Amino acid sequence: MTDPSTAATGAAVTSTAGEFVTGAEHIETKAGKPRSLASDAWYDLRRRPLFIVSAALILLVLLMAAWPSLFTSVDPTYADLGRSRDAPSAEAWFGYDNQGADIFARVIYGARASIIVGVVSTILTVLIGGALGLLAGFYGGWIDGLMSRIADVFFGLPFVLGAIIILSSFRAAGSTSATEIMFLVILSISVLSWPVCMRIMRSAAITAKQQDYVKAARALGASSTRIILRHMLPNALAPVMVYATIALGAFIGIEATLSFLGIGLRAPVVSWGVMIADSRDVIRVAPHTLLFPAAFLTATVLAFVMLGDAVREALDPKMR
Amino acid sequence: MGRYVLRRLLQLVPVFIGTTFLIYWLVWSLPGDRFAGKCGERPCEPAYIAKMTEKFNLDDPLIVQYGKYMLNLLQGDFGITSKEVSVGELIANAYPNTLRLAVVALLIEAVIGLAAGILTGLRGRGFLDNLVLVSTLFLISLPVFVTGFVLQIVLGFELHWIKTTVSASPAPWGHLIAPGFVLGSLSMAYVTRLTRTSIAENKRADFVRTAVAKGLPQRRVVGVHLLRNSAIPVVTFLGTDLGALMGGAIVTEGIFDIKGIGNLVYDGILGKDGAAVTGVVTLLVIVYLISNLLVDLLYAVLDPRIRYD
Amino acid sequence: MSANTTKPAPGRTGPVPGAPLLEVDDLFVEFRTRDGVAKVLNGVSYRVEAGETLAVLGESGSGKSVTAQTIMGILDMPPGVITGGEIRFHGENLLRASTNRRREVRGSGIAMIFQDALSALNPVFTVGFQIEEQLRVRRGMSRKDARKRAIELLDLVKIPNPKGRVRQYPHEFSGGMRQRAMIAMSLALDPEMLIADEPTTALDVTVQAQIMDLLKEIQVERHMGLILITHDLGVVAEVADRIAVMYAGRIVEQSDAISLYRRPGHPYTQALLDSLPRLDLKGTELNTIKGLPPSLINIPSGCPFHPRCPRVQDVCKTEVPAQHRPAPGRLSACHFAEELLSGE
């Protein structure tokens, strides 16, 4: 058998060189070399307008949360009842709230509390749910059964209702400083959300466990830790990442809802939820007190949801 | 089918006990004064404490307390509020309003969500598809109370198209349209996306191709084969949602002042009336669990493959 | 092919008396994807008469299934685009026919059996419903009559206890039984022509033989035309009257089955035959075809098979070999078909 590629070199060439390629090279398309799923997804992501817009928005909000003084020099807690509910003007772009504090400054400073709640709750949820899911998926049997039932119990609590019970009970039982409330809000969000993350992780771990190469690794005596870290974790990373991104946005919205219900964060903490809750009684006369924090809140949640969406589509080759 | 139902029922029992026990424990057995913050800003009256201690058997061991509480609950006795009103009575007055609101919300989300999802799923990529995708993203990101306030301000205070509050009880159906839309808006977005993905996936399924190859009219291919299969996840979602809507009505009812169960919980939280809150929330959790069970059974009816696992 | 006698006059639709049952004539199909235009079919022609079995052979991606889907009108468009050619059923060009006319032909004119019966049958309806559906919608039968006919059909394809089976769902059938149910479904409207797209690929070897026997039996009994699509030369040996071998969206060889087995007229067919396990050569290494199937986006110049061909010459790299008749009753698209047939 003649090697087609060497045979081609000696040929009388009437067509372009590009057409003389070996069979193996034919399989590749014009788009270039085959890439791994992750780099392929990254390549795909960078070209999505949805991703660029949401990533830019998120960066901006993170910047606001980290260094609010970059955006405003006004003290968000300084209130002057003389300018209460004044409409937006040149010196206060977003106007003043019921207490006469600058809404623009409060919106900027409010990013921090909202982002902290969102980020920490997400981390906690992924840690609890991820760890339990991996263990349940890896060991199976009664451990899996027990953990799945426990997850069912927490899953059986509708989110808002569960949070109401947890927050009102714990707050009644103990003292209520600002950091404690924030801690309680984060705790109740994570405690009620981890079952979802656990299920994602568990099914990814089970899928990985059934792969032949993982079976082979086990048969060859690879340690449990190694199998979990090398095979199961990477397999579960993509779906958990997508979940975490979208959940982060949702958690920020939930923080606001809890504040709105009067069981979440509250003054003197500045957060978008607190601002919206404060605006509740004056929205008829001063809708701008609701509008601006609500707009920032929605934009931030939207950014995270869009990011999660974009990542999911990039990671899922079927969608393309 | 019978064995499947039995298995699901048996699985529900530990979940039911676990969830209700969790709530009970959180409310009555956390360390510290169990009556702190249960009667508003003031400490509870000794008479109330005595009454509740007796009613909930708070001097018994935790398990016994819980057992007796559940027995009472199953007989419709939800305890009394700090003002010594029967919680069961409050619920009986409030639940028709919440049920109506949930039904309106469910109808709105099902009709609009399904229509938008089917349309975009069948048509595929294009302007309409992008429009629907962006709108659903917006609806998902808008917290319910923002949607509620905006609709209340714009449609109610500015345009006077809707009543800003629905304090009548029982609430007239017509007045519940805007609140129902607010309550159902998030799920509407999910229904749309779920339907769209489900149809887009099944559109290329082999069995749809078979239906075409059998020479069936396009209407029948889409109406019988494509929709029937795509409906399974959507219908189950809608079913679960009815239970979730009952619980999620708190914010909506608060904004529009609908005298429903959510309002009861909200008032209970504001008045720091622990007994009222737990009674109602426990009931809502039970409703949620039962609706999940019914959906599971519905799923078994819709998808024959499930019955024989 | 003698196209001029069978082409309908311009503007005329409907069957032409005396025309062959099915003719595919110079069919071109492209897939327009993000990565470029894939030329999936590049002038495919074949014909099937009533009572005849044509086996279409080729690797995956050679275009054999796309041809069948185009005949049935179930090609995914987009990405598929038919860029040329005709498909004539009783002389009537189906590609020009109205949507309604095409629908009429499906099922009752030409029916199709798919490779994976589990996914090709709708999981949420009973097997009976799926057979009866066509009878009720297309033939206007009553529920009761349709049920009776469905039971008869299941009996015809030798499914035991057909009365109980009609009420079961596809997932309650075994693989072989499911394929039988699929065949019963395809026969519901008494088609004149049956296309079986890899009907046995997903099945065990013993079941494969049973299904092939059943297909052959039914085909002979009903005097149907049968197109049998497969990548397995072994499967077709006993069943096929004629064989068409496809490569890169072209038919590279067409011949009656016996002559083709005796002496292939194209190096690709030769390579396919060599890759069959043979009892008389036990213990020797199995021949495989070197290299990979060509990219349809960037089809090699000249003969598309030349990068993998053991007998490649300079002319193969530049000139597309025309389909010609190296011997009576045989078609080949190889520059050296005559040499191959005469024995080097």
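Residues numbered from 1 in each chain as written. Chains lettered and ligands numbered in written order. Predicted model: local features only at pLDDT ≥ 70, side-chain atom pairs only at ≥ 80, totals over all residues.

**Side note on the overall build of chain B**
The cut-off we apply is this: Here a helix means four or more residues in a row that DSSP labels H or I, a strand means two or more in a row labelled E, and each is numbered from the N terminus. Buried means a residue has 20 or more other C-beta atoms within 10 Å of its own C-beta, exposed means 12 or fewer, and partly exposed covers the counts in between; C-beta atoms are placed from the backbone. Once C-beta atoms are placed from the backbone, any two residues with those atoms within 7 Å are in contact.
Scanning chain B from terminus to terminus reveals 11 helices and 0 strands. Counting helices and strands in the order they occur from the N terminus, chain B gives α-α-α-α-α-α-α-α-α-α-α. Principal axes of the C-alpha set define a box for chain B whose edges measure 80 × 55 × 30 Å. For chain B, with 309 residues in total, the buried portion stands at 48%. Restricting to contacts in chain B with at least 6 residues of sequence separation, those with at least 24 account for 74%.

**Topic: the overall build of chain A**
Along the backbone of chain A there are 12 helices and 0 strands. Helices and strands in chain A line up, N terminus first, as α-α-α-α-α-α-α-α-α-α-α-α. Residues counted as buried form 43% of the 320 residues belonging to chain A. When contacts within chain A are restricted to residue pairs at least 6 apart in sequence, long-range pairs at least 24 apart make up 70% of them.

**Structural notes on the environment of Trp194 of chain A**
All names here are of chain A. Checked against the element boundaries, Trp194 lands in helix 8 (residues 178-210). The class for Trp194 is buried, based on 25 C-beta atoms found within 10 Å. For the pair formed by Trp194 and Val305, sequence separation is 111 residues and the distance between their alpha carbons is 18 Å. What Trp194 contacts, discounting residues up to four positions off in sequence, is Thr125, Ile128 and Gly129.

**Examining the interface of chain A and chain B**
Applicable threshold: The classification used treats Ala, Val, Leu, Ile, Met, Phe, Trp, Tyr, Cys and Pro as nonpolar, Asp, Glu, Lys and Arg as charged, and all other residues, Gly among them, as polar.
With 38 residues of chain A at the contact, the number on the chain B side is 42 residues. Listed by contribution, the elements that provide at least two residues to the side of chain A that touches chain B are helix 6 (141-155), helix 7 (159-173), helix 10 (224-261) and helix 12 (288-315) of chain A. Within the side of chain A that touches chain B, the residues separate by chemical class into 25 nonpolar, 9 polar and 4 charged.

**A look at the pairing of strand 11 (residues 324-327) of chain C**
Within a regular strand, the side chains alternate between the two sheet faces. All names here are of chain C. Definition in use: Any two strands are treated as partners once DSSP identifies two or more bridges connecting them.
Pairing of strand 11 with strand 12 (residues 330-332), which is carried by 2 bridges, proceeds in the antiparallel orientation. Residue pairing in the sheet places Ala327 in a bridge with Arg330 of strand 12. Connecting the antiparallel pair strand 11 and strand 12 is a turn made up of 2 residues, with Gly329 showing a positive phi of about 75 degrees.

**Thoughts on the domain arrangement of chain B**
All names here are of chain B. The condition that has to hold: Bear in mind that the domain bounds are from an automatic or database domain assignment.
Along its sequence, chain B is organised into domain 1 (1-87) and domain 2 (89-302). Taking only C-alpha atoms into account, the centre of domain 1 sits 30 Å from that of domain 2. Listed by partner, the interface residues are 25 residues for domain 1 and 21 residues for domain 2. Here the residues of the side of domain 1 that touches domain 2 sort into 15 nonpolar, 8 polar and 2 charged.

**Points about the nonpolar core**
Selection rule: Put simply, a nonpolar core is buried Ala, Val, Leu, Ile, Met, Phe, Trp, Tyr and Cys residues tied into one set by C-beta atoms within 7 Å.
Counting residues in hydrophobic clusters, the biggest one holds 256 residues, and the most contacted among them are Ile164 of chain A, Val265, Val280, Val281 and Leu284 of chain B together with Ala181 of chain C. When residues of this core are assigned to their parent elements, the largest contribution, 17 residues, is made by helix 12 of chain A. Of the domains in this structure, domain 1 (1-87) and domain 2 (89-302) of chain B are the two that each give at least three residues to this core. Excluding anything up to four places from it in sequence, Ile164 of chain A contacts Ile263 of chain A together with Val265, Ile269, Val277 and Val281 of chain B.

**Re the UniProt feature "transmembrane region" (unreviewed entry) in chain A**
Residue and element names in this part refer to chain A. Applied cut-off: UniProt positions are given in the numbering used here, feature names are shortened, and annotations may be inferred rather than shown by experiment.
Taking the UniProt record as the reference, the feature "transmembrane region" (unreviewed entry) is found at residues 50-70, 115-138, 150-169, 181-201, 240-265 and 290-311. As annotated, residues 115-138 has a helix share of 100% and a strand share of 0%, and its two end C-alpha atoms lie 33 Å apart. Along residues 240-265 one finds 85% helix and 0% strand; the C-alpha atoms at either end are 28 Å apart.

**Here we look at unusual backbone geometry**
Residues and elements named next belong to chain C. At His90, a position not held by glycine, the phi torsion is positive, near 55 degrees. Mapping His90 onto the fold places it in the loop between strand 4 (80-89) and strand 5 (92-93). Among the residues examined, His90 registers 22 C-beta atoms within 10 Å and is labelled buried. Of note, the phi angle at Asp190 is positive, near 50 degrees, even though the residue is not glycine. Topologically, Asp190 is positioned in the loop between helix 8 (175-187) and strand 7 (193-197).

**Let's talk about the pairing of strand 4 of chain C**
Residue and element names in this part refer to chain C. Here strand 1 (residues 22-33) runs beside strand 4; their pairing, made up of 8 bridges, is antiparallel. The residue bridging Glu23 from the neighbouring strand is Arg88, located in strand 4. Following strand 4, the chain reverses through 2 residues before pairing antiparallel with strand 5; His90 in that reversal takes a positive phi of roughly 55 degrees.

**Thoughts on the environment of Val44 of chain C**
Residue and element names in this part refer to chain C. By secondary structure assignment, the location of Val44 is in strand 2 (residues 36-48). When the C-alpha positions of Val44 and Ile183 are compared, they lie 27 Å apart, and in sequence the two are 139 residues distant. Other than its neighbours up to four places away in sequence, Val44 contacts Val24, Leu27, Gly63, Thr67, Arg250 and Ile251.

**Here we look at helix 5 (residues 127-141) of chain B**
Residues and elements named next belong to chain B. Keep this limit in mind: A helix is expected to span 1.5 Å for every residue after the first. This arc is built from the directions going out from the helix axis to the C-beta atoms.
With 15 residues, helix 5 should reach 21 Å at 1.5 Å per residue; the first-to-last C-alpha distance of 21 Å fits that figure. Where helix 5 is concerned, the buried positions are Val132, Thr136, Ile140 and Ser141. In an axial view of helix 5, the angular spread of the buried residues amounts to 165 degrees, which keeps them on one side of the axis. Across from the buried face of helix 5, at angles greater than 90 degrees, the exposed residues are Phe127, Asn130 and Leu131.

**Describing helix 6 (residues 143-156) of chain C**
Residues and elements named next belong to chain C. With 14 residues, helix 6 should reach 20 Å at 1.5 Å per residue; the first-to-last C-alpha distance of 20 Å fits that figure. Among the residues of helix 6, those classed as buried are Ala146, Arg147, Ala150, Ile151, Leu153 and Leu154. Seen end-on, helix 6 carries its buried residues on one side only, within an arc spanning 160 degrees. Away from its buried face, by an angle of more than 90 degrees, helix 6 presents the exposed residues Lys144 and Glu152. One or two steps after helix 6, the chain reaches Lys158, where phi turns positive at roughly 65 degrees.

**As for the UniProt feature "transmembrane region" (unreviewed entry) in chain B**
All names here are of chain B. The sites that carry the UniProt feature "transmembrane region" (unreviewed entry) are, in the present numbering, residues 9-28, 99-119, 131-155, 175-194, 234-256 and 276-302. For residues 99-119, helix accounts for 100% and strand for 0%, while the C-alpha atoms at its two ends are 30 Å apart. With 100% helix and 0% strand, the stretch residues 276-302 has end C-alpha atoms that lie 39 Å from each other.

**Overview of the sheet that holds strand 5 of chain C**
All names here are of chain C. Operational definition: Fitting a line to C-alpha atoms yields each axis, with helices limited to the stretch in contact; the angle taken between N-to-C directions then spans 0 to 180 degrees.
As summarised here, the arrangement of the 4 strands in space is 2-1-4-5, forming an open sheet in which the pairing is antiparallel. Both edges of this open sheet fall to strand 2 and strand 5, since each of them pairs with a single strand only. Together, strand 1, strand 2 and strand 4 form the strand contacts of helix 2 (residues 64-72), whose direction differs from that of strand 1 by roughly 110 degrees.

**Quick look at the sheet that holds strand 9 (residues 242-247) of chain C**
Residues and elements named next belong to chain C. Ordered by their spatial adjacency, 8 strands build an open sheet running 6-7-8-3-9-10-12-11, and the pairing between neighbours is mixed. Both outer strands of the open sheet, strand 6 (110-113) and strand 11, are each paired with one neighbouring strand and no more. Averaged over neighbouring strand pairs, the angle between their axes works out to 25 degrees when direction is ignored.

**Observations regarding the packing of helix 5 (residues 103-139) of chain A against helix 8 of chain A**
All names here are of chain A. As a reminder, the rule being used: Two helices that cross are described as forming a left-handed crossing if the nearer one is turned anticlockwise from the farther one by less than a right angle, and a right-handed crossing if clockwise.
Packing of helix 5 against helix 8 brings their axes to within 5 Å, and their N-to-C directions diverge by 35 degrees. For the crossing formed where helix 5 meets helix 8, the hand is right-handed. Each residue belonging to the contact of helix 5 with helix 8 can be placed in one class, and the counts come to 22 nonpolar, 8 polar and 3 charged.

**Quick notes on the confidence of the model for chain B**
Note the threshold: The quantity called pLDDT is the predictor's confidence in a given residue, expressed from 0 to 100.
Confidence in the prediction of chain B, expressed as mean pLDDT, is 80, and 91% of residues score 70 or more. For this predicted complex, the interface confidence reaches an ipTM of 0.80, while the overall pTM sits at 0.77.

**Focus on the packing of helix 12 of chain A against helix 5 of chain B**
Convention followed: By definition in this entry, angles of less than 35 degrees are roughly parallel, angles greater than 145 are roughly antiparallel, angles of 65 to 115 are roughly perpendicular, and the rest are oblique.
Helix 5 of chain B packs onto helix 12 of chain A with a crossing angle of 125 degrees between their chain directions and a minimal axis gap of 8 Å. When the axis of helix 12 of chain A is compared with that of helix 5 of chain B, the two are oblique. Note that helix 12 of chain A runs across helix 5 of chain B; the crossing there is right-handed. Each of Thr298, Val301, Leu302, Val305 and Met306 of chain A in helix 12 of chain A lies in contact with helix 5 of chain B, whose residues at this interface are Leu137, Phe138, Ile140 and Ser141 of chain B. In terms of residue class, the contact of helix 12 of chain A with helix 5 of chain B is made up of 7 nonpolar, 2 polar and no charged.

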